[in-house]
Amino acid sequence: MKKIQMVDLKGQYEEIKDQIATSFEEVLANTAFINGPEVHAFQKDLEDYLNVKHVIPCGNGTDALQIAMMGLGLKPGDEVITVDFTFAATVEVIALLQLTPVLVDVEEDTFNIDIEGLKKAITPKTKAIVPVHLFGQVANMDAVMEIAKAHDLFVIEDNAQAIGASYTWKDGSKQKAGTIGHVGATSFFPSKNLGCYGDGGAIFTNDDDLAYTIRGIVNHGMYERYHHDVVGVNSRLDALQAAVLRAKLPNLDPYNNKRKASARKYTEALKNQKDIITPVQLGDEDSHVYHQYTLRITNGKRDGLVKFLGENGVPCGVYYPIPLHSQKAYADSKYKEEDFIVTNQLVKEVISLPMHTELDDEQIEFITSKIKEYINQ
């Protein structure tokens, strides 16, 4: 059995290395490293894939979130509601813009934003909601959009972990994650479902005016060279990264299908095991692209399992060990522990198993056998 890795980027690279090499040679030959033809071609390819009017590439996923908020014209003191159980980047950009983050709990089954908690958190100062499609599963966007419409709020989708997932509306129609709200943001960090070989990100919107504003923000606030019409930043996807992403994009659905297949095998092997709760997938198979396959290990056994798996050559991750409301940077006296019952439990129980396109049946069998060995000892 080959060595088990949390993410096997090398194996994935081997399948597309000739195409990557050709694309790199073209970029190096034309020397258009910033905003060159490769970036524009990838932008158009991704717009077509997502069926969205505007894709604005940028430097990374954190920038994408920040720029999305800047583009909406949010002002210091405006409240932005998001989840307590996510990576810090989601709340980090809110704080950087001197907006007021308001954290709410998540659903116990999907780990996504709790709709009742969202409703309770809205105040006259609330201006936006940031649902996070955590671990690859799309949040309840019917409810989020209905609430946003009722209260005249912006919706900024944090789609860093769910590129390629589709949401099925109540009427049966489908829409790609990240294109549902007023604006969406994603990351192309190497380990993502669609990852480059460095940092990269993008912003999505169907709003022409918002897209125009954002295109200026990512390039120092310029629409005409040396004319700075808005306050901007320097956040541009470089052509080499665009070349990687353009090569990978046609493979995104097959990549995601491999993840789904591995997830089904994990679940089948671990179902009905004591002290193990396998991931819950709401909606059809398109709604979850398994950026992570995350178990809940109950009865205080999670940390012991992490140690045991490590001793047996099985990498794993705990995403995330500390709630945002307990982080020093984001702690606030307004938060009450009883408002985060689910998050406080999840941080003690979650464990993410190896998940990538190169995972094979022998590895999955070994991983699940070791989990059952520890749980049942």
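Look a little higher up for the structure.
Residues numbered from 1 in each chain as written. Predicted model: local features only at pLDDT ≥ 70, side-chain atom pairs only at ≥ 80, totals over all residues. Heavy atoms only, no water.

Caption draft 1: Focus on the nonpolar core. By size, the foremost hydrophobic cluster in this structure holds 37 residues, and its most contacted members are Phe85, Ile113, Ile129, Met141 and Val144. Broken down by secondary-structure element, the contributors of at least two residues to this core are strand E2 (79–83), strand E3 (100–104), helix H5 (115–121), helix H6 (141–151) and helix H11 (341–349). At five residues, H6 tops the list of elements feeding residues into this core. Setting aside chain neighbours within four positions, we find Phe85 in contact with Val106, Phe111, Leu134, Phe135, Tyr319, Tyr320, Thr343, Leu346, Val347 and Val350. By size, the runner-up hydrophobic cluster in this structure holds 26 residues, among which are Val39, Ile163, Phe188 and Leu252. (Core = buried A, V, L, I, M, F, W, Y, C linked by side-chain atoms within 4.5 Å. Buried < 20%, exposed > 50% of the residue type's maximum accessible area, 1.4 Å probe, protein only. Helix = DSSP H or I, 4+ residues; strand = E, 2+ residues; numbered from the N terminus. Contact = heavy atoms within 4.5 Å.)

Caption draft 2: Spotlight on helix H1 (residues 9–30). Taking 1.5 Å per residue, 22 residues should reach 32 Å; H1 reaches only 27 Å between its end C-alpha atoms and comes up short. At Ile16, H1 shows its maximal kink, close to 70°. Listing the buried residues of H1 in full gives Gly11, Gln12, Ile16, Ile20, Ser23 and Val27. In this structure, the buried side of H1 is in contact with helix H2 (37–50), helix H8 (239–248) and helix H9 (252–270). A positive phi of about 55° marks Thr31, the residue just after H1. (Expected span 1.5 Å × (residues − 1). Bend = angle between axes of the 7 residues up to and from the residue.)

Caption draft 3: Structural context of the sheet that holds strand E4 (residues 126–130). Judged by pairing direction, the sheet is mixed, and its seven strands sit side by side in the order E1-E9-E8-E5-E4-E2-E3 without closing on themselves. Each having just a single partner strand, strand E1 (54–58) and E3 make up the two edges of the open sheet. For this sheet, the mean inter-axis angle between neighbouring strands, taken without regard to orientation, is 25°. For E2 and E4, the ladder comprises four bridges, and the chain directions are parallel. Counted as the bridge partner of Val80 is Ala128 from E4. Contacts from H2 reach E1 and strand E9 (201–205), with the element oriented near 135° to E1. Strands E1, strand E8 (183–187) and E9 of the sheet are contacted by helix H7 (residues 208–217), whose axis makes an angle of about 15° with E1. (Pairing = 2+ DSSP bridges. Axes fitted to C-alpha atoms, helices over the stretch in contact; angles between N-to-C directions.)

Caption draft 4: Layout of the pattern of salt bridges. Under the criterion given, the structure shown has 20 salt bridges. Ionic pairing is found between Lys44 and Asp48, a salt bridge with its closest N-O pair at 2.9 Å. Taken together, the residues span about one helical turn, with Lys44 and Asp48 both in helix H2 at a distance of four residues. Notably, a salt bridge pairs Arg215 with Glu47, separated by 4.0 Å at the nearest N-O pair. Taken as a pair, Arg215 in helix H7 and Glu47 in helix H2 lie far apart in primary sequence, 168 residues in all. A network of salt bridges, in which partner residues are shared, links Lys174, Lys260, Asp284 and Asp286. (Salt bridge = Lys/Arg side-chain N within 4 Å of Asp/Glu carboxyl O.)

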